[in-house]
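# Reading the structure
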Amino acid sequence: MTIDKFDEGYRSGVVAVVGRPNVGKSSLVNALLRCKATIVSPKPQTTRNRIRCIADVEGGQIVFTDTPGIHKPQHRLGEAIVDSALEALDDADLILYVVSAQDEGITGQDRHIIERLKNSNTPVIMVINKVDLLGSKKAKILPLIDIYRKKLNPMDVLPVSAREDINLEMLMDFILEHIPEGPPMYMEDMLIDRSSRFLAAEIIREQVLLRTDQEVPHSVAVEILEYKSPEEYPERRDTYIRGVIFVERRGQKLILLGSGGEKMKEIGTAAREALESFLGGKVFLDLWIKVRKDWRNSESELRRLGYRE
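If you're wondering where the values come from, they're calculated on a predicted model, not measured in any experiment.

The number of helices and strands found in the chain is nine helices and nine strands. Relative to its length of 309 residues, the chain is compact, with a C-alpha radius of gyration of 20 Å against a globular reference of 19 Å. Principal-axis analysis of the C-alpha atoms gives the chain an extent of 55 × 45 × 40 Å. Across the 309 residues that make up the chain, the buried fraction comes to 52%.

Following this line, the structure appears as C-alpha coordinates:
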(Lines give C-alpha, C1' and ligand atoms only; values in the text may rest on other atoms or scores of the structure.)
Protein backbone atom coordinates (compact mmCIF):
# COMPACT_ATOMS: atom_id res chain seq x y z
CA MET A 1 0.00 0.00 0.00
CA THR A 2 1.37 3.42 -0.98
CA ILE A 3 0.09 6.94 -0.50
CA ASP A 4 -0.70 7.21 -4.24
CA LYS A 5 -2.39 3.83 -4.56
CA PHE A 6 -5.07 2.48 -2.22
CA ASP A 7 -8.09 0.20 -2.38
CA GLU A 8 -11.65 1.44 -2.64
CA GLY A 9 -13.15 1.67 0.84
CA TYR A 10 -9.74 2.25 2.44
CA ARG A 11 -9.99 4.52 5.48
CA SER A 12 -7.47 6.97 6.87
CA GLY A 13 -7.86 9.53 9.63
CA VAL A 14 -6.39 11.37 12.59
CA VAL A 15 -7.52 10.39 16.08
CA ALA A 16 -6.66 12.80 18.91
CA VAL A 17 -6.17 11.08 22.28
CA VAL A 18 -6.96 13.64 24.99
CA GLY A 19 -7.60 13.76 28.73
CA ARG A 20 -6.16 15.08 31.96
CA PRO A 21 -2.68 13.97 33.12
CA ASN A 22 -2.03 10.41 34.29
CA VAL A 23 -5.12 8.65 32.89
CA GLY A 24 -2.97 6.42 30.68
CA LYS A 25 -3.19 8.11 27.27
CA SER A 26 0.33 7.17 26.16
CA SER A 27 -0.03 3.64 27.54
CA LEU A 28 -3.26 3.30 25.58
CA VAL A 29 -1.63 4.47 22.34
CA ASN A 30 1.28 2.04 22.84
CA ALA A 31 -1.16 -0.80 23.53
CA LEU A 32 -3.25 -0.02 20.44
CA LEU A 33 -0.10 0.07 18.28
CA ARG A 34 1.20 -3.17 19.89
CA CYS A 35 4.59 -1.54 20.39
CA LYS A 36 6.21 1.26 22.36
CA ALA A 37 5.92 4.50 20.41
CA THR A 38 5.78 7.02 23.27
CA ILE A 39 7.38 7.21 26.71
CA VAL A 40 5.40 6.41 29.85
CA SER A 41 5.96 6.85 33.59
CA PRO A 42 3.84 7.02 36.76
CA LYS A 43 4.54 10.78 36.89
CA PRO A 44 1.81 13.15 35.66
CA GLN A 45 2.57 15.29 32.59
CA THR A 46 5.08 12.79 31.21
CA THR A 47 4.01 13.64 27.65
CA ARG A 48 4.95 17.20 26.67
CA ASN A 49 4.68 17.20 22.88
CA ARG A 50 2.03 16.13 20.41
CA ILE A 51 3.26 12.94 18.77
CA ARG A 52 1.58 11.29 15.80
CA CYS A 53 1.75 7.49 15.97
CA ILE A 54 0.78 5.55 12.86
CA ALA A 55 -1.11 2.23 12.93
CA ASP A 56 -1.45 0.41 9.60
CA VAL A 57 -4.38 -2.01 9.93
CA GLU A 58 -6.35 -4.12 7.48
CA GLY A 59 -8.41 -1.71 5.43
CA GLY A 60 -6.95 1.51 6.74
CA GLN A 61 -4.42 3.69 8.49
CA ILE A 62 -5.16 5.21 11.91
CA VAL A 63 -3.00 8.16 12.95
CA PHE A 64 -3.13 8.60 16.72
CA THR A 65 -2.12 12.00 18.09
CA ASP A 66 -0.84 11.37 21.61
CA THR A 67 -1.32 14.65 23.45
CA PRO A 68 -0.08 16.09 26.74
CA GLY A 69 -2.49 15.99 29.68
CA ILE A 70 -4.80 18.99 29.84
CA HIS A 71 -4.34 20.73 33.20
CA LYS A 72 -4.21 24.16 34.83
CA PRO A 73 -0.74 25.46 33.87
CA GLN A 74 1.60 26.92 36.50
CA HIS A 75 4.33 28.16 34.14
CA ARG A 76 4.89 28.88 30.44
CA LEU A 77 5.90 25.30 29.74
CA GLY A 78 2.51 24.22 31.13
CA GLU A 79 0.78 26.75 28.88
CA ALA A 80 2.65 25.41 25.85
CA ILE A 81 1.73 21.83 26.80
CA VAL A 82 -1.98 22.62 27.15
CA ASP A 83 -2.01 24.69 23.94
CA SER A 84 -0.46 21.76 22.09
CA ALA A 85 -3.12 19.37 23.39
CA LEU A 86 -6.01 21.68 22.51
CA GLU A 87 -4.66 22.39 19.03
CA ALA A 88 -4.73 18.66 18.32
CA LEU A 89 -8.53 18.73 18.57
CA ASP A 90 -8.78 21.00 15.54
CA ASP A 91 -6.78 18.62 13.34
CA ALA A 92 -8.63 15.43 14.27
CA ASP A 93 -11.29 13.38 12.49
CA LEU A 94 -12.16 11.65 15.76
CA ILE A 95 -11.41 12.28 19.45
CA LEU A 96 -10.71 9.64 22.08
CA TYR A 97 -11.46 11.24 25.44
CA VAL A 98 -9.71 9.15 28.09
CA VAL A 99 -10.66 9.06 31.78
CA SER A 100 -9.79 6.65 34.57
CA ALA A 101 -12.12 3.90 35.81
CA GLN A 102 -10.99 4.79 39.33
CA ASP A 103 -12.60 8.23 39.14
CA GLU A 104 -15.42 8.83 41.61
CA GLY A 105 -16.94 11.46 39.35
CA ILE A 106 -16.00 14.33 37.06
CA THR A 107 -12.94 16.28 38.22
CA GLY A 108 -12.44 20.02 37.77
CA GLN A 109 -9.92 19.35 35.00
CA ASP A 110 -12.40 17.08 33.24
CA ARG A 111 -15.12 19.73 33.40
CA HIS A 112 -12.81 22.07 31.52
CA ILE A 113 -12.08 19.39 28.90
CA ILE A 114 -15.79 18.58 28.50
CA GLU A 115 -16.63 22.23 27.82
CA ARG A 116 -13.91 22.31 25.16
CA LEU A 117 -15.20 19.11 23.57
CA LYS A 118 -18.77 20.40 23.54
CA ASN A 119 -17.60 23.31 21.39
CA SER A 120 -15.93 20.99 18.90
CA ASN A 121 -17.66 19.57 15.84
CA THR A 122 -15.44 16.47 15.97
CA PRO A 123 -17.15 13.25 17.15
CA VAL A 124 -16.00 11.94 20.54
CA ILE A 125 -15.54 8.38 21.79
CA MET A 126 -15.37 8.17 25.58
CA VAL A 127 -12.68 5.69 26.72
CA ILE A 128 -12.68 4.64 30.38
CA ASN A 129 -9.21 3.22 30.95
CA LYS A 130 -7.78 1.08 33.80
CA VAL A 131 -10.89 -1.10 34.31
CA ASP A 132 -8.52 -3.89 35.41
CA LEU A 133 -7.86 -1.92 38.62
CA LEU A 134 -11.51 -2.17 39.72
CA GLY A 135 -11.28 -5.87 40.54
CA SER A 136 -14.61 -7.06 41.93
CA LYS A 137 -16.00 -3.49 41.89
CA LYS A 138 -16.57 -3.32 38.13
CA ALA A 139 -20.23 -2.36 38.69
CA LYS A 140 -19.10 1.09 39.90
CA ILE A 141 -18.25 1.96 36.32
CA LEU A 142 -21.94 2.13 35.33
CA PRO A 143 -22.71 5.32 37.31
CA LEU A 144 -19.54 6.88 35.88
CA ILE A 145 -20.69 6.11 32.33
CA ASP A 146 -24.10 7.57 33.09
CA ILE A 147 -22.55 10.80 34.45
CA TYR A 148 -20.41 11.32 31.36
CA ARG A 149 -23.25 10.47 28.97
CA LYS A 150 -25.36 13.22 30.56
CA LYS A 151 -22.56 15.80 30.60
CA LEU A 152 -20.97 15.13 27.21
CA ASN A 153 -23.21 12.78 25.21
CA PRO A 154 -20.31 11.09 23.36
CA MET A 155 -20.81 8.92 20.29
CA ASP A 156 -20.03 5.87 22.42
CA VAL A 157 -18.48 4.89 25.76
CA LEU A 158 -16.05 1.98 25.96
CA PRO A 159 -14.38 0.61 29.13
CA VAL A 160 -10.87 -0.65 28.35
CA SER A 161 -7.60 -1.64 29.95
CA ALA A 162 -4.41 -0.70 28.13
CA ARG A 163 -2.39 -2.85 30.54
CA GLU A 164 -4.54 -6.01 30.31
CA ASP A 165 -5.63 -5.64 26.65
CA ILE A 166 -9.33 -5.44 27.51
CA ASN A 167 -11.60 -4.27 24.63
CA LEU A 168 -8.70 -2.82 22.63
CA GLU A 169 -9.53 -4.75 19.46
CA MET A 170 -13.14 -3.60 19.75
CA LEU A 171 -11.93 -0.01 20.13
CA MET A 172 -9.72 -0.27 17.02
CA ASP A 173 -12.61 -1.65 14.98
CA PHE A 174 -14.88 1.15 16.15
CA ILE A 175 -12.27 3.79 15.29
CA LEU A 176 -11.77 2.36 11.80
CA GLU A 177 -15.52 2.48 11.16
CA HIS A 178 -15.68 6.19 12.06
CA ILE A 179 -12.72 7.71 10.23
CA PRO A 180 -13.19 8.93 6.65
CA GLU A 181 -12.38 7.08 3.47
CA GLY A 182 -9.18 8.23 1.82
CA PRO A 183 -5.54 7.38 1.08
CA PRO A 184 -2.96 6.73 3.80
CA MET A 185 -1.35 9.86 5.19
CA TYR A 186 2.05 8.26 5.87
CA MET A 187 4.23 5.69 4.13
CA GLU A 188 3.86 2.09 5.24
CA ASP A 189 6.01 0.97 8.21
CA MET A 190 6.39 4.52 9.55
CA LEU A 191 5.76 4.46 13.31
CA ILE A 192 5.87 8.10 14.46
CA ASP A 193 6.27 11.50 12.82
CA ARG A 194 9.30 12.48 14.90
CA SER A 195 13.06 12.39 14.31
CA SER A 196 15.61 10.03 15.85
CA ARG A 197 16.97 12.97 17.87
CA PHE A 198 13.53 13.61 19.37
CA LEU A 199 13.11 9.93 20.25
CA ALA A 200 16.54 9.79 21.89
CA ALA A 201 15.75 12.84 24.02
CA GLU A 202 12.41 11.36 25.10
CA ILE A 203 13.94 8.00 26.02
CA ILE A 204 16.58 9.71 28.16
CA ARG A 205 13.93 11.89 29.85
CA GLU A 206 11.84 8.79 30.53
CA GLN A 207 14.68 7.25 32.52
CA VAL A 208 15.05 10.46 34.54
CA LEU A 209 11.32 10.37 35.31
CA LEU A 210 11.48 6.75 36.41
CA ARG A 211 14.45 7.33 38.71
CA THR A 212 13.77 10.67 40.40
CA ASP A 213 11.14 12.02 42.77
CA GLN A 214 9.68 15.28 44.08
CA GLU A 215 10.21 18.36 41.91
CA VAL A 216 13.10 17.08 39.77
CA PRO A 217 11.19 15.24 36.97
CA HIS A 218 9.10 18.24 35.95
CA SER A 219 12.15 20.55 35.91
CA VAL A 220 14.05 18.35 33.45
CA ALA A 221 14.48 18.85 29.72
CA VAL A 222 16.79 16.92 27.39
CA GLU A 223 18.55 18.30 24.32
CA ILE A 224 20.47 16.14 21.85
CA LEU A 225 23.58 17.97 20.66
CA GLU A 226 25.01 15.23 18.42
CA TYR A 227 23.48 12.14 16.83
CA LYS A 228 25.66 10.00 14.56
CA SER A 229 24.27 6.69 13.33
CA PRO A 230 26.01 3.98 11.24
CA GLU A 231 23.53 4.74 8.44
CA GLU A 232 24.84 8.31 8.17
CA TYR A 233 28.44 7.52 9.17
CA PRO A 234 29.39 4.10 7.73
CA GLU A 235 32.71 4.15 9.59
CA ARG A 236 30.81 3.88 12.90
CA ARG A 237 29.76 0.56 14.41
CA ASP A 238 27.59 2.20 17.05
CA THR A 239 25.24 5.17 17.28
CA TYR A 240 26.90 8.10 19.03
CA ILE A 241 24.53 10.32 21.02
CA ARG A 242 25.65 13.38 22.98
CA GLY A 243 22.97 14.97 25.11
CA VAL A 244 22.40 17.50 27.88
CA ILE A 245 19.94 17.17 30.73
CA PHE A 246 18.76 20.62 31.82
CA VAL A 247 17.49 21.38 35.32
CA GLU A 248 16.49 24.69 36.92
CA ARG A 249 18.50 24.67 40.16
CA ARG A 250 21.87 23.47 41.40
CA GLY A 251 20.17 21.33 44.06
CA GLN A 252 18.34 19.42 41.31
CA LYS A 253 21.66 18.85 39.54
CA LEU A 254 23.13 17.39 42.72
CA ILE A 255 20.12 15.06 43.08
CA LEU A 256 20.58 13.83 39.51
CA LEU A 257 24.29 13.28 40.06
CA GLY A 258 23.79 11.38 43.31
CA SER A 259 26.54 10.36 45.70
CA GLY A 260 29.75 9.96 43.71
CA GLY A 261 27.81 10.33 40.47
CA GLU A 262 26.00 7.01 41.03
CA LYS A 263 22.50 8.30 40.17
CA MET A 264 23.72 9.74 36.88
CA LYS A 265 25.49 6.49 36.02
CA GLU A 266 22.26 4.60 36.73
CA ILE A 267 20.24 6.94 34.50
CA GLY A 268 22.85 6.82 31.74
CA THR A 269 23.08 3.02 31.76
CA ALA A 270 19.30 2.58 31.70
CA ALA A 271 18.91 5.16 28.92
CA ARG A 272 21.65 3.52 26.82
CA GLU A 273 20.05 0.08 27.21
CA ALA A 274 16.62 1.48 26.28
CA LEU A 275 18.09 3.23 23.23
CA GLU A 276 19.87 0.05 22.14
CA SER A 277 16.63 -1.90 22.46
CA PHE A 278 14.74 0.71 20.43
CA LEU A 279 17.40 1.16 17.73
CA GLY A 280 18.45 -2.48 17.53
CA GLY A 281 22.18 -1.78 17.81
CA LYS A 282 25.00 -0.54 20.02
CA VAL A 283 24.83 3.00 21.40
CA PHE A 284 27.56 5.21 22.87
CA LEU A 285 25.77 7.71 25.09
CA ASP A 286 27.55 10.84 26.35
CA LEU A 287 25.34 12.65 28.90
CA TRP A 288 25.90 15.90 30.79
CA ILE A 289 23.83 17.95 33.27
CA LYS A 290 23.49 21.73 33.09
CA VAL A 291 21.57 24.26 35.17
CA ARG A 292 19.37 26.56 33.06
CA LYS A 293 17.61 28.76 35.62
CA ASP A 294 13.81 29.01 35.24
CA TRP A 295 13.87 27.58 31.68
CA ARG A 296 10.19 26.58 31.97
CA ASN A 297 9.21 30.28 31.98
CA SER A 298 11.51 31.32 29.14
CA GLU A 299 9.83 31.64 25.72
CA SER A 300 13.21 31.47 23.95
CA GLU A 301 14.16 28.27 25.80
CA LEU A 302 10.77 26.70 25.11
CA ARG A 303 11.20 27.40 21.39
CA ARG A 304 14.80 26.14 21.37
CA LEU A 305 13.79 22.92 23.13
CA GLY A 306 10.85 22.35 20.79
CA TYR A 307 7.96 23.08 23.14
CA ARG A 308 6.91 26.19 21.24
CA GLU A 309 6.83 26.52 17.46
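With that settled, the discussion passes to the sheet that holds strand β8 (residues 239–247). Sheet architecture is open: three strands sit in the order β7-β8-β9, paired in mixed fashion. Only two strands of the sheet have a single neighbouring strand rather than two, namely β7 (221–228) and β9 (283–291). Adjacent strand axes in the sheet meet at a mean angle of 20°, parallel and antiparallel pairs treated alike. Taken together, the seven bridges between β7 and β8 define a ladder with antiparallel strand orientation. The residue bridging I224 from the neighbouring strand is G243, located in β8. Against the sheet, helix α6 (residues 196–211) engages β7, β8 and β9, with an angle of about 135° to β7.

With that out of the way, let us pick up the side chain of S298. By the element assignment, S298 lies in the loop between β9 and α9 (299–304). Of the polar contacts made by the side chain of S298, one reaches the side chain of S300; its length is 3.1 Å.

Glancing now at the nonpolar core. One broad rule of soluble globular proteins: the nonpolar side chains tend to lie buried together. L28, I62, F64, L96, L171 and I175 are the most contacted members of the largest nonpolar core, which totals 32 residues. When contributions to this core are tallied by element, the ones reaching two or more residues are β1 (11–18), α1 (25–33), β2 (51–57), β3 (60–66), β4 (94–100), β5 (124–129), α5 (168–177) and α6. It is α5 that provides the largest number of residues to this core, a total of six residues. In this structure, L171 is in contact with L28, L32, L96, I125, V127, L158 and V160, ignoring residues within four places of it in sequence. One finds A88, A92, I141 and V157 within the second-largest nonpolar core, a separate group that totals 28 residues.

Within a beta sheet, neighbouring strands are joined by backbone hydrogen bonds and run either parallel or antiparallel to one another. An order of β2-β3-β1-β4-β5-β6 is seen for the six strands of this open sheet, with the pairing classed as mixed. Unpaired on one side and paired on the other, β2 and β6 (156–159) mark the two borders of the sheet. The sheet shows a mean angle of 25° between the axes of neighbouring strands, taken without regard to direction. Strand direction decides the pairing type here: β4 and β5, joined by six bridges, are parallel. The residue of β5 that forms the bridge with S100 is N129. Across the face of the sheet, helix α2 (residues 76–90) comes into contact with β1, β3 and β4 while running at roughly 150° to β1. The strands touched by α5 within the sheet are β1, β2, β3, β4, β5 and β6, with β3 carrying the most contacts at an inclination of about 105°.

A word on the UniProt feature "domain: Era-type G" (unreviewed entry) in the chain. According to UniProt, the "domain: Era-type G" (unreviewed entry) feature falls on residues 11–181. Annotated as residues 11–181, this span is 33% helix and 23% strand, and its ends, taken at the C-alpha atoms, are 4 Å apart.

A word on empty space enclosed by the protein. By the definition in use, this model includes one cavity of 30 Å³ or more. Surrounding the largest cavity, Q45, R48, L77, I81, R205, L209, P217 and H218 form its lining. For the lining of the largest cavity, the secondary-structure elements that each account for two or more residues are α2 and α6. Its residues assigned to classes, the lining of the largest cavity comprises four nonpolar, two polar and two charged.

This paragraph deals with the side chain of S120. Residue placement: S120 occurs in the loop between α3 (108–118) and β5. Separated by 3.1 Å, the side chain of S120 and the backbone nitrogen of T122 make a polar contact.

The rules behind these values
Residues numbered from 1 in each chain as written. Predicted model: local features only at pLDDT ≥ 70, side-chain atom pairs only at ≥ 80, totals over all residues. Heavy atoms only, no water. Helix = DSSP H or I, 4+ residues; strand = E, 2+ residues; numbered from the N terminus. Rg over C-alpha atoms; globule rule 2.2 N^0.38 Å. Buried < 20%, exposed > 50% of the residue type's maximum accessible area, 1.4 Å probe, protein only. Pairing = 2+ DSSP bridges. Axes fitted to C-alpha atoms, helices over the stretch in contact; angles between N-to-C directions. Contact = heavy atoms within 4.5 Å. Polar contact = N/O pair within 3.5 Å; in protein donor to acceptor, adjacent residues only side chain to side chain. Core = buried A, V, L, I, M, F, W, Y, C linked by side-chain atoms within 4.5 Å. UniProt positions renumbered as here; feature names shortened; annotations may be inferred. 1 Å grid on protein atoms, 1.4 Å probe; cavity = no way out; pocket = protein on both sides within 12 Å on 5 of 7 lines; lining within 4 Å. Points joined across faces, edges and corners; volume = space filled by probe spheres on them. Nonpolar A, V, L, I, M, F, W, Y, C, P; charged D, E, K, R; others polar.

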